[in-house]
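# Residue-level structure breakdown
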Amino acid sequence: IIRRKFPAREHESPGIVGSLREFVGWYRERREDTRERAMNLRKLHGKVALLVDPDDKSARVLEWRLGSLGCTVLRARTGASGLAHASRYRRDFVIADALLPDVSAVEFYKSLNRRDIPVIYVGVLYAQWDELHRLGPNVRCLSKPFDPDEAAALAGLMLRKLEEDVESSNHS
């Protein structure tokens, strides 16, 4: 008897068991992402956010979402008024438009008195990404259009990491 071996197909389907394993893996990752996102959003409860955005529509949406999470929101329309709020009031994090009418995003960040407060820039142009990321680990960027939940979860994540860094330095 002569047996002939056929070449394997390039794209064999994983079969029902393989497909089920892929789905279970995807489901577990998704569930973990959802848990972490919820933890990040809970971190914002009782925090004070400084929101600097000349666009009234996006500012209202962000203010509503942060407020629904238990955040107190200080709002400013220009970089100068945002810096005035930052010097007068306590804030836990800052969300600012990257294209402020009166000051550049880099100048705004450098004018903030503290570098340990998370700053999230929204509406970042491609040309600004590298420059803003070089400012430090407490600066993150989102392009428009953005999901207000994504901005809030990112703020919560940054606050969690900052808290973990403080705790680990206290234990050392």
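This write-up is about the structure you can find in this document. (Residues numbered from 1 in each chain as written. Predicted model: local features only at pLDDT ≥ 70, side-chain atom pairs only at ≥ 80, totals over all residues. Heavy atoms only, no water.)

All right, on to a nonpolar patch on the surface then. Residues Leu20, Phe23, Val24, Trp26 and Tyr27 make up a contiguous nonpolar surface patch of about 520 Å² in total accessible area. In this structure, phenylalanine 23 sits in helix H1 (residues 15-42). (Patch = residues over 30% accessible without salt bridge, like charges linked within 9 Å, V, L, I, M, F, W, Y side chains within 5 Å. Areas by Shrake-Rupley, 256 points an atom, 1.4 Å probe, with all protein chains shown as cover. Salt bridge = Lys/Arg side-chain N within 4 Å of Asp/Glu carboxyl O. Helix = DSSP H or I, 4+ residues; strand = E, 2+ residues; numbered from the N terminus.)

Where helix H2 (residues 56-68) contacts helix H6 (residues 148-171), the axes come no closer than 9 Å and their chain directions differ by 55 degrees. Here H6 runs oblique to H2, going by the angle between their axes. Pair H2 / H6 crosses with right-handed handedness. Between H2 and H6, the residues in contact are Val61, Leu62, Arg65 and Leu66 and Pro148, Asp149, Ala151 and Ala152, respectively. Partitioning the contact of H2 with H6 into residue classes produces six nonpolar, no polar and two charged. (Axes fitted to C-alpha atoms, helices over the stretch in contact; angles between N-to-C directions. Parallel < 35°, antiparallel > 145°, perpendicular 65-115°, else oblique. Left-handed = near helix turned anticlockwise from the far one by under 90°. Contact = heavy atoms within 4.5 Å. Nonpolar A, V, L, I, M, F, W, Y, C, P; charged D, E, K, R; others polar.)

A word on H2. Relative to the 18 Å expected for 13 residues at 1.5 Å per residue, H2 spans 18 Å between its end C-alpha atoms, a close match to the ideal helical length. Regarding H2, the residues found buried are Ser58, Ala59, Leu62, Arg65 and Leu66. For H2, the arc enclosing every buried residue in end-on projection is 135 degrees, short of the 170-degree limit, so these residues lie on one face. Residues of H2 that are exposed and point more than 90 degrees away from the buried face comprise Lys57 and Trp64. (Expected span 1.5 Å × (residues − 1). Buried < 20%, exposed > 50% of the residue type's maximum accessible area, 1.4 Å probe, protein only. Arc of directions from axis to C-beta.)

Our next topic: the packing of H1 against H6. Remark: H1 packs on H6, axes separated minimally by 7 Å, with the N-to-C direction vectors making an angle of 80 degrees. Taken together, the axis directions place H1 and H6 in an arrangement best described as roughly perpendicular. Every residue of H6 that contacts H1 at Glu36, Arg37, Met39, Asn40 and Leu41 is listed here: Asp149, Glu150, Ala152, Ala153, Gly156, Leu157 and Arg160.

Pairing is parallel in the open sheet, where five strands are placed in the order E2-E1-E3-E4-E5. For this open sheet the edge positions go to strand E2 (72-76) and strand E5 (139-142), each flanked by a neighbour on one side alone. For this sheet the average axis-to-axis angle between neighbouring strands, irrespective of direction, equals 20 degrees. In terms of strand pairing, strand E1 (residues 48-52) meets E2 through five bridges, oriented parallel. In the strand pairing of E2, leucine 50 is matched with leucine 74. Against the sheet, H2 makes contact with E1, E2 and strand E3 (93-97), and its axis sits at roughly 165 degrees relative to E2, the strand it touches most. With respect to the sheet, helix H3 (residues 79-88) is in contact with E1 and E2, its orientation differing from that of E1 by roughly 165 degrees. (Pairing = 2+ DSSP bridges.)

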